[in-house]
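Residues per chain are reported as follows:
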Amino acid sequence: MFEENVICRMLNIKYPVFQGGMAWLGTAELAAAVSNAGGLGIIGAGHMPPDVLRAEIQKAKAGTDKPFGVNIMLMSPFVKEVMQVVVDERVAVVTTGAGNPGEYIPALKEIGTKVIPVVASVALAKRLVRTGVDAVIAEGMESGGHIGEITTMALVPQIIDAVDVPVIAAGGIGDSRGIAAAFAMGAKAVQMGSRFVLSKECIAHENYKNMVLKARDRSTVVTGMATGHPARVLQNKLSRIYLDRERNGAPVEELEKLGIGTLRLAAREGDVEMGSVMIGQISGLLKDIKSCDEIMQELVNGIQPAIEQAQSALK
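Below you will find a few notes about this structure. Numbering of residues begins from 1 in every chain and follows the order in which that chain's sequence is written. This being a predicted model, a pLDDT of at least 70 is required before a residue's local features are given, and a value of 80 or more before pairs of side-chain atoms are given or counted; all residues contribute to the totals for chains, interfaces and linings. Hydrogens are left out, water is left out, and the side-chain values use all remaining heavy atoms of the structure.

**Considering the pairing of strand β4 (residues 93–97)**
Put simply, the rule is: Note on exposure labels: buried denotes an accessible area under 20% of the residue type's maximum, exposed denotes more than 50%, and partly exposed covers the range between, all computed with a 1.4 Å probe on protein chains only. Helix numbering and strand numbering both begin at the N terminus, where a helix is a DSSP run of H or I of at least 4 residues and a strand a DSSP run of E of at least 2. A pair of strands is considered paired only if DSSP assigns at least 2 bridges between the two. Note on handedness: a crossover is taken as right-handed if, strands pointing away from the viewer, the path from the first strand over the helix to the second is clockwise.
With five of five residues buried, β4 is to be regarded as a mostly interior element. Every second residue of β4 is oriented toward a common face, with V93, T95 and G97 on one face and V94 and T96 on the other, all of them buried. When strand β3 (residues 68–73) meets β4, the two strands line up parallel, connected through five bridges. Residue pairing across strands places M73 opposite G97, the latter belonging to β4. In this view, the connection linking β3 to its parallel neighbour β4 by way of helix α4 (residues 79–89) has right-handed handedness.

**Looking at the packing of aromatic side chains**
Condition: Pairs were defined over the aromatic rings of Phe, Tyr and Trp, the Trp ring being its six-membered one, requiring ring centres within 6.5 Å. Orientation was assigned from the angle between planes: stacked under 30 degrees, edge-to-face over 60, tilted for the rest.
Counting across every chain of the model gives two aromatic pairs. A centroid spacing of 6.3 Å and a plane angle of 80° characterise the contact between F2 and Y15, whose relative ring orientation is edge-to-face. In this pair, F2 sits in the segment before α1 (6–11) while Y15 sits in the loop between α1 and β1 (17–19), placing the two residues 13 residues apart along the sequence. By the burial criterion, F2 is buried, and Y15 matches it. Here the aromatic cluster, defined as three or more aromatic residues joined through ring pairs, consists of F2, Y15 and F183.

**Notes on the pattern of salt bridges**
The condition that has to hold: Within this document, salt bridges are pairs made up of a side-chain nitrogen of Lys or Arg and a carboxyl oxygen of Asp or Glu, the two lying within 4 Å of each other.
Applying the stated criterion to the full structure yields 16 salt bridges. The residue R245 makes a salt bridge to E254 at a minimum N-O spacing of 3.5 Å. We classify E254 as partly exposed; its relative accessible area is 33%. Put simply, R264 and E269 hold a salt bridge, and the shortest N to O gap is 2.7 Å. On the basis of relative accessibility, which here comes to 34%, the residue R264 falls in the partly exposed class. A relative accessible area of 49% means that E269 is categorised as partly exposed. Here the salt bridges share partners, and the residues they tie into one network are R54, K61, D88 and E89.

**Here's the deal with the packing of helix α6 (residues 122–129) against helix α7 (residues 152–162)**
Applicable threshold: Only the contacting stretch of a helix is used when fitting its axis, a line to C-alpha atoms as for every element, and angles between N-to-C directions run 0 to 180 degrees. The sense of a crossing depends on the near helix, which, turned anticlockwise from the far helix by less than a right angle, makes the crossing left-handed and, turned clockwise, makes it right-handed. Should any heavy atoms of two residues lie within 4.5 Å, those residues are counted as being in contact.
Contact geometry for α6 and α7: axes closest at 9 Å, N-to-C directions at 35°. The interaxial crossing formed by α6 with α7 has right-handed handedness. Side by side, α6 and α7 meet where V122, A125 and K126 of the first sit next to L155, Q158, I159 and A162 of the second.

**Details of the packing of helix α2 (residues 28–36) against helix α3 (residues 50–63)**
The cut-off we apply is this: Under the grouping applied here, Gly and all other residues not named as nonpolar or charged are polar, the nonpolar ones being Ala, Val, Leu, Ile, Met, Phe, Trp, Tyr, Cys and Pro and the charged ones Asp, Glu, Lys and Arg.
Packing of α2 against α3 leaves a shortest axis separation of 8 Å and a crossing angle of 35°. By crossing handedness, the relation of α2 to α3 is classed as right-handed. For the pair α2 and α3, the contacting residues are A28, E29, A32 and N36 in the first and E56, K59, A60 and G63 in the second. Its residues assigned to classes, the contact of α2 with α3 comprises three nonpolar, two polar and three charged.

**Some points on the side chain of S76**
Secondary-structure assignment places S76 in the loop between β3 and α4. Every residue in contact with S76, bar those within four places of it in the chain, is listed here: G46 and H47.

**Overview of α6**
How we decide: This arc describes the spread of directions from the helix axis toward the C-beta atoms.
Among the residues making up α6, those that are buried are A125, L128 and V129. Down the axis of α6, the smallest arc covering the buried residues is 100°, so these residues share one side.

**Description of the sheet that holds strand β6 (residues 136–139)**
The eight strands are arranged β1-β9-β8-β6-β5-β4-β3-β2 in an open sheet whose pairing can be described as parallel. The open sheet terminates on both sides in strands that have one partner only, identified here as β1 and β2 (41–44). Each adjacent strand pair in this sheet contributes to an overall mean axis angle of 25°, direction not counted. In this structure, strand β5 (residues 114–119) lies alongside β6, joined through two bridges in parallel fashion.

**Focus: helix α14 (residues 292–312)**
In plain terms, the rule: Here a helix's expected span is defined as the number of its residues, less one, multiplied by 1.5 Å. Bending is quantified residue by residue as the angle between axes fitted to the seven-residue window ending at that residue and the seven-residue window starting at it.
Between its first and last C-alpha atoms α14 spans 31 Å; for 21 residues at 1.5 Å apiece the expected length is 30 Å, and the two agree. In α14, a bend of some 35° at I303 exceeds every other bend along the element, and P305, a proline, comes one to four places later. Within the span of α14, buried status applies to C292, I295, M296, L299, V300, G302, I303 and A306. Packed against the buried residues of α14 are β1, α2, α8 (176–185), β9 (189–192) and α9 (194–197).

**Some words on the side chain of K209**
So the rule is basically this: Neither His nor the chain ends is counted toward charge; the positive residues are Lys and Arg and the negative residues Asp and Glu.
Along the polypeptide, K209 turns up in helix α10 (residues 206–213). Notably, K209 is buried but unbridged: the nearest opposite-charge side chain belongs to E201, and the N-O separation is 7.4 Å. Setting aside residues up to four positions removed in sequence, K209 forms contacts with V197, L198, S199, K200, C202, A204 and I289.

**A short note on the environment of K14**
Selection rule: Definition of a polar contact: a pair of N or O atoms within 3.5 Å, with one able to donate and the other able to accept a hydrogen when the atoms are protein atoms, and with sequence-neighbouring residues admitted only if both atoms are side-chain atoms.
Checked against the element boundaries, K14 lands in the loop between α1 and β1. Considering only alpha carbons, one finds K14 and G38, 24 residues apart in sequence, at a separation of 4.8 Å. Contact partners of K14, with chain neighbours within four places excluded, come to M1, F2, C8 and G38. Separated by 3.5 Å, the side chains of K14 and Y15 make a polar contact.

Structure representation (structure tokens):
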């Protein structure tokens, strides 16, 4: 299975499943575990200083001999330095968010790194394809963390029709049925963040994982619309305070200050009331914690039955 898949061949991976590059949660341990399971593990660089990222990359190299990636937020104050670290360490794949990676592509291409930006609109996808990226991740607003405005089912086929590079579907995909649906739309791979938060190898605090396990279909809310940087999180005390201030016209600076450091507070310290519990809408579907290898096998083994279920509707 997947021997001829364009993404698997491009990246030399067994299964066309990416782990989302989640800040504070996409660690070397998680990335290595996903890559060892046959997918593409991704270190979430977030706002890491370059020396911290280098240590994570080297730790991932020690944990796997398979390809893995680094997700770089182009709004990071350390973006130039971390890009140089990626070049120095010859990382196989770079995914990017919050900007245009164009100026960094020549150096990355020179060492054979594949560049795959996350996009939330057709216009952005077309613009970045012109810079020479190898594929794009079309991420719908169902995803956790920072989001766009278009749903996955609406976004993915429109981007597929608009660009001539492979498209990876992301946002609201948590099981084999979601993967089969993405393939039916024309995606060549999927990216999943929330499912891998509930893995044994993810270092998210126990409180964080337990809150995700208890989530239902309407447990997430979107904060930060007024700031231009909306984010999907689980409802808690912080989100209620934030949304109340947002509705009452609080200055952008006040809202941004309210959010500083809150993801780390929840993910690493376990404060799930005043921390930001970033997770996707699919969290209501997720009911167990398994190893990355168990998750991957469950996902892959369920794809054909999901396809057959769809075919049965045509009889």
